Amino acid sequence: MQKISNKKLQAYHLEVVQALTAIGNPSFGKAVQQDRGSQLEHLGIKFPVLRKRVKQGFSFYELTEEQILEVWDYLWQTSPYGDVLFAALEYYASIVKKEVYPNLWSVMKNWSKRVDNWCHSDGLSAIYSRILENYPEKVYPQIIKWNQSKDEWLRRISLVSLIHYTGKNAVYLPLNKVLPLVSNCLNDERYYVQTAVGWVLREMGNVYPKEIMKYLETHIENLSSVAFTRAVERMNVKEKVRLKELRLRK
């Protein structure tokens, strides 16, 4: 396959930026950027509006799927605009729900390096979770590496990617694939790692209630208040009270 020239890739970037700028709100973008602590400039586009514009299409949608991935990869790796990255996520979020192309992982695993905020982290993790379901032998070893990293966002990605988001289509890995990664992050005090710890425990509790309860009891003194609150938020009052009392006794 012939590579797309840099000049053409830059033209596609300009096309996307101009389209997104036209529907953005600069003051809202500044507020979003500040709220997320991102180094990327945000154009200020709400997700339903962005989703609609991405579906509407760009000129490079006429290319082959491999070339489209090449374009989005270039945009992800080089754009100074957070909304361009969100556009790439929106494009692939709908695709991976139906089919995961074999070449996606080799390209998209490198997208993790540019993540600097929870929103890009979770959007990318949602896609990774789909690829993980289809190609566990390729993806899970990388998840382990990210889990062992000292980078806050790679650690969050390593946890959030383990589960498709909640609902009837949720997919769960076996406990022995999930809990060691959770345990490795228990002492990481960073907020976005801890919320991920709690979220994974909460979601795993939907299918492994007894085992997760046992895990919470065993690790109760090592759980941060942030992780604990998230982990128990959907439990009944009786269970919450019992665990809180156990926590106080430790």
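Now for a look at the structure at hand. Worth saying up front: this structure is predicted, and the values here are computed from it rather than measured. (Residues numbered from 1 in each chain as written. Predicted model: local features only at pLDDT ≥ 70, side-chain atom pairs only at ≥ 80, totals over all residues. Heavy atoms only, no water.)

1. Looking at the overall build of the chain
Of regular secondary structure, the chain possesses 14 helices and zero strands. From first element to last, N terminus to C terminus, the chain shows the α and β order α-α-α-α-α-α-α-α-α-α-α-α-α-α. The C-alpha atoms of the chain give 20 Å as radius of gyration, which agrees with the globular expectation for 250 residues (18 Å, within 12%). Judged by the C-alpha coordinates and their principal axes, the chain covers about 65 × 40 × 35 Å. Relative to its full complement of 250 residues, the chain shows a buried share of 49%. (Helix = DSSP H or I, 4+ residues; strand = E, 2+ residues; numbered from the N terminus. Rg over C-alpha atoms; globule rule 2.2 N^0.38 Å. Buried < 20%, exposed > 50% of the residue type's maximum accessible area, 1.4 Å probe, protein only.)

2. A closer look at helix H14 (residues 237–249)
Taking 1.5 Å as the rise per residue, H14 with 13 residues should run 18 Å; its terminal C-alpha atoms sit 18 Å apart, in good agreement. The residue sitting at the N-terminus of H14 and contributing the capping side-chain oxygen is Asn236; that oxygen lies 3.2 Å from the backbone nitrogen of Lys238. (Expected span 1.5 Å × (residues − 1). Polar contact = N/O pair within 3.5 Å; in protein donor to acceptor, adjacent residues only side chain to side chain.)

3. Quick look at the packing of helix H10 (residues 175–184) against helix H11 (residues 191–204)
Where H10 meets H11, the closest approach of the two axes is 10 Å, and the angle between their N-to-C directions is 155°. With respect to their mutual orientation, H10 and H11 come out roughly antiparallel. The handedness of the crossing between H10 and H11 comes out as left-handed. Residues Leu175, Val178, Leu179 and Val182 of H10 lie in contact with H11, whose contacting residues are Val197, Val200, Leu201 and Met204. Looking at the contact of H10 with H11, its residues break down into eight nonpolar, no polar and no charged. (Axes fitted to C-alpha atoms, helices over the stretch in contact; angles between N-to-C directions. Parallel < 35°, antiparallel > 145°, perpendicular 65-115°, else oblique. Left-handed = near helix turned anticlockwise from the far one by under 90°. Contact = heavy atoms within 4.5 Å. Nonpolar A, V, L, I, M, F, W, Y, C, P; charged D, E, K, R; others polar.)

4. Some thoughts on helix H1 (residues 6–22)
Helical geometry note: an α-helix holds 3.6 residues per turn, so side chains three or four residues apart project in the same direction. Here H1 contains 17 residues, and its C-alpha end-to-end distance of 24 Å stays within 8% of the 24 Å for a straight helix at 1.5 Å per residue. Within H1 the residues assigned to the buried category are Leu9, Tyr12, His13, Val16, Val17, Ala19 and Leu20. The arc that holds every buried residue of H1, seen down its axis, measures 165°, which confines them to one face. Residues of H1 that are exposed and point over 90 degrees away from its buried face: Lys7, Gln18 and Ala22. In this structure, the buried residues of H1 make contact with helix H3 (47–56), helix H4 (65–78) and helix H5 (82–96). (Arc of directions from axis to C-beta.)

5. Digging into the packing of H5 against helix H7 (residues 118–134)
At a minimum axis distance of 10 Å, the contact between H5 and H7 shows a crossing angle of 25°. One element, H5, and the other, H7, form an angle in the roughly parallel class. Like other packed secondary-structure pairs, H5 and H7 cross with a definite hand, here left-handed. Counting all contacts with H5, which are made through Gly82, Leu85, Phe86, Leu89, Tyr92, Ala93 and Val96, the residues of H7 involved are Cys119, His120, Gly123, Leu124, Ile127 and Arg130.

6. Here's the deal with the nonpolar core
Trp72, Tyr92 and Leu201 are the most contacted members of the largest nonpolar core, which totals 83 residues. The dominant element in this core, judged by the number of residues it contributes, is H5, at ten residues. Residue contacts for Trp72: discarding those within four places in its chain leaves Phe58, Phe60, Tyr61, Val84, Ala87, Ala88, Tyr91, Tyr92 and Trp111. (Core = buried A, V, L, I, M, F, W, Y, C linked by side-chain atoms within 4.5 Å.)

7. Thoughts on the pattern of salt bridges
Pairing of side chains with opposite charge becomes possible as their charged atoms draw close. The tally for this structure, following the rule as stated, stands at nine salt bridges. Here Glu203 makes a salt bridge to Arg202, at a shortest N to O gap of 2.7 Å. With a closest N to O distance of 2.7 Å, Glu217 and Arg242 form a salt bridge. One end of the pair, Glu217, is in helix H12 (residues 209–218); the other, Arg242, is in helix H14, and 25 residues separate them in sequence. Relative accessible area serves as the criterion here: at 25%, Glu217 is assigned to the partly exposed category. Among the ionic contacts, a cluster of salt bridges with common partners joins Arg202, Glu203, Arg230, Glu233 and Arg234. (Salt bridge = Lys/Arg side-chain N within 4 Å of Asp/Glu carboxyl O.)

8. Re the packing of aromatic side chains
For any pair of aromatic rings, geometry is given as the distance between the ring centres together with the angle between the planes. For the coordinates displayed, the defined rule picks out 17 aromatic pairs. Their ring planes at 80° and their centres at 5.4 Å tell us that Phe60 and Tyr61 sit as a pair that is edge-to-face. Ring geometry for Phe60 against Trp72: centres 5.2 Å apart, planes inclined by 85°, an arrangement best described as edge-to-face. Here Phe60 is found in the loop between H3 and H4, whereas its partner Trp72 is found in helix H4, with twelve residues between them in sequence. Grouping residues by exposure puts Phe60 and Trp72 together as buried. (Phe/Tyr/Trp six-rings, centres within 6.5 Å; stacked < 30°, edge-to-face > 60°.)

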